[in-house]
Amino acid sequence: MSDSQLMHCTTIAFEKGGWLTAVLLRGEPGAGKSDLALRAIDAGRAELVSDDQTLLVKQGNNLLASPPATIAGKLEVRGLGIVPFSYCSEVPVGLLVDLVPREKVDRLPDFNTEEILGVEIPRIQLHSFDHSTVAKLLLAISRPDSDIVR
């Protein structure tokens, strides 16, 4: 039987090399998880996996992200309410992003990972409300770590 875990995060999927790669957006309430997801989806760069809660399942050496059935296809849009969106499931996780206040984002961070269900996932910190955050997400998932000078 597979290991699984429910994580408090919003998850979006980006295309990488013809496949979808899930990005877990984790942060305190009000950190901008849903807002960042909406901006990435609206820009045509991402698809919704889940908002607020994500079901993570270990399958072999991969961690797969899916929405819990009760919230599948729903995104909270502050000021509008819960809005239906298309969504995807069982997307391999490629990145964990901790959304933090701007002053806590290191200009030249060390490479970090976090172990989730025995799988090492690259982890970065970003400020959700910077105009460039969607572009930074795209850079983070599309470039090998060795391509980024620290």
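Residues numbered from 1 in each chain as written. Predicted model: local features only at pLDDT ≥ 70, side-chain atom pairs only at ≥ 80, totals over all residues. Heavy atoms only, no water.

### A look at the confidence of the model for the protein
It should be kept in mind that the predicted coordinates are not to be read in detail where pLDDT is low.
Move 1: Overall, the prediction assigns the protein a mean pLDDT of 92, with 94% of residues at 70 or greater.
Move 2: The secondary structure element of the protein with the lowest average pLDDT is helix H2 (residues 133-142), at 92, and the one with the highest is strand S4 (residues 47-50), at 98. (pLDDT = per-residue confidence, 0-100. Helix = DSSP H or I, 4+ residues; strand = E, 2+ residues; numbered from the N terminus.)

### As for the pattern of salt bridges
Move 1: According to the stated counting rule, one finds seven salt bridges in the structure shown.
Move 2: The shortest N-O distance in the salt bridge between Glu114 and Arg26 comes to 2.8 Å. Of the two residues, Glu114 is situated in strand S10 (residues 112-116) and Arg26 in strand S3 (residues 19-26); the sequence distance between them amounts to 88 residues.
Move 3: We classify Glu114 as partly exposed; its relative accessible area is 22%.
Move 4: Between Asp35 and Arg39 there is a salt bridge, with the nearest N and O atoms lying 2.9 Å from each other. You can see Asp35 and its partner Arg39 sitting in helix H1 (residues 33-42), four residues apart, about one turn around the helix.
Move 5: Look at Asp35 and you get partly exposed, because its relative accessible area is 33%.
Move 6: Salt bridges here are not isolated pairs; linked through shared partners, they connect Arg26, Asp98, Glu114 and Arg123. (Salt bridge = Lys/Arg side-chain N within 4 Å of Asp/Glu carboxyl O. Buried < 20%, exposed > 50% of the residue type's maximum accessible area, 1.4 Å probe, protein only.)

### Quick word on the side chain of Ser66
Move 1: Relative to the helices and strands, Ser66 resides in strand S6 (residues 62-66).
Move 2: When its relative accessible area of 12% is taken as the criterion, Ser66 is described as buried.
Move 3: At 2.8 Å, the side chain of Ser66 forms a polar contact with the backbone nitrogen of Glu90.
Move 4: Ignoring anything within four residues of it in the chain, the contact list for Ser66 reads Val49, Ser50, Thr54, Leu55, Ser89 and Glu90. (Polar contact = N/O pair within 3.5 Å; in protein donor to acceptor, adjacent residues only side chain to side chain. Contact = heavy atoms within 4.5 Å.)

### Considering the pairing of S3
Move 1: For strand S2 (residues 10-16) and S3, the ladder comprises seven bridges, and the chain directions are antiparallel. Note that in S3 the partner of Ile12 across the bridge is Val23.
Move 2: The antiparallel pairing of S2 with S3 creates a hairpin that spans two residues between the two strands, and Gly17 there sits at a positive phi of about 60 degrees.
Move 3: Relative to strand S9 (residues 91-99), S3 runs parallel, the two sharing five bridges. Following the sheet pairing, Leu25 is matched in S9 by Val97. (Pairing = 2+ DSSP bridges.)

### Describing the packing of H1 against H2
Move 1: Where H1 contacts H2, the two axes come as close as 10 Å, and the packing angle between them is 75 degrees. Judged on the interaxial angle alone, H2 and H1 are roughly perpendicular. Contacts between H1 and H2 involve Leu36, Arg39 and Ala40 from the former and Thr133, Val134 and Leu137 from the latter.
Move 2: Of the residues belonging to the contact of H1 with H2, the class tally is four nonpolar, one polar and one charged. (Axes fitted to C-alpha atoms, helices over the stretch in contact; angles between N-to-C directions. Parallel < 35°, antiparallel > 145°, perpendicular 65-115°, else oblique. Nonpolar A, V, L, I, M, F, W, Y, C, P; charged D, E, K, R; others polar.)

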